[in-house]
Amino acid sequence: MPLQLTVVTPEKQLLSEEVDEIIVPTTSGELTILPQHAALLAQLVPGELVIKKGNKTDHLVVVGGFLEVGKNTVSILADYAVHGKDISEAQAQQAKDRAEKAMKEKKSDVDFATAEAEFRRAILELKVAKRQKGI
């Protein structure tokens, strides 16, 4: 019996499909969700969401939000999420470079924290894009 997975961001529903296994980054560490998993509510941390269906494995970047597990249903409400296949490595590299420059300029603590968050997201996107392509 598969899991019904739904991933939603403030902008759109990223996906809704049946899957066999989900590995998700939470404040308690990485959790693997399989069919018949106990009900659960957890806070997400920036990381890689791994989705397995048969022999196929997909990778998504998730940044913040919540995970809710019900009876063979998994809902992910993410602050930001992008599918690995939709990541432009060139754009992620540019974002990383801009964030590094902003962190070096450090005009204020808020600017630094914002640049640091953008830097971490860009690094994560580059990692997931490469993994999705099998590099």
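Placed above this text is the structure.
Calculation rules
- Residues numbered from 1 in each chain as written.
- Predicted model: local features only at pLDDT ≥ 70, side-chain atom pairs only at ≥ 80, totals over all residues.
- Heavy atoms only, no water.
- Pairing = 2+ DSSP bridges.
- Helix = DSSP H or I, 4+ residues; strand = E, 2+ residues; numbered from the N terminus.
- Salt bridge = Lys/Arg side-chain N within 4 Å of Asp/Glu carboxyl O.
- Buried < 20%, exposed > 50% of the residue type's maximum accessible area, 1.4 Å probe, protein only.
- Core = buried A, V, L, I, M, F, W, Y, C linked by side-chain atoms within 4.5 Å.
- Contact = heavy atoms within 4.5 Å.

Moving on: the pairing of strand 7 (residues 56–69). The pairing of strand 5 (residues 40–43) with strand 7 spans four bridges and is antiparallel. Within the sheet, the bridge partner assigned to Ala 42 lies in strand 7 and is Leu 67. Counted between consecutive antiparallel strands, the loop separating strand 6 (residues 47–53) from strand 7 contains two residues, among which Gly 54 sits at a positive phi close to 60°. Linking two consecutive strands that pair antiparallel, namely strand 7 and strand 8 (residues 73–83), is a turn of three residues; a positive phi of about 55° is found at Asn 72 within it.

As a further point, take the environment of Thr 57. Checked against the element boundaries, Thr 57 lands in strand 7. Along the sequence, Thr 57 and Val 19 sit 38 residues apart, while their C-alpha atoms lie 9.9 Å from each other.

Here we take up the pattern of salt bridges. With the rule as written, the count across this model stands at one salt bridge. A salt bridge links Asp 58 to Lys 56; the shortest N-O distance between them is 3.6 Å.

Next up on the list: unusual backbone geometry. In the Ramachandran plot, Gln 36 falls in the positive-phi region, its phi being about 70° despite a non-glycine side chain. Structurally, Gln 36 can be placed in the loop between strand 4 (29–33) and strand 5. Backbone geometry at Asn 72 places phi at a positive 55°, although glycine is not the residue there. The residue Asn 72 is located in the loop between strand 7 and strand 8 in this model. According to the relative accessible area criterion, Asn 72 is buried, its value standing at 10%.

So, on to the nonpolar core. By size, the foremost hydrophobic cluster in this structure holds 21 residues, and its most contacted members are Leu 5, Val 7, Ile 22, Leu 49, Leu 67, Val 74 and Ile 76. Among the elements of the structure, strand 1 (3–8), strand 2 (13–19), strand 3 (21–26), strand 6, strand 7 and strand 8 are those that each provide at least two residues to this core. Here Val 7 is in contact with Lys 12, Gln 13, Leu 14, Leu 15, Leu 49, Leu 60, Ile 76 and Ala 81, once residues within four sequence places are set aside.

The subject of this paragraph is the side chain of Thr 9. Secondary-structure assignment places Thr 9 in the loop between strand 1 and strand 2. Residues in contact with Thr 9, not counting those within four places in the same chain, are Ala 78, Tyr 80 and Ala 81.

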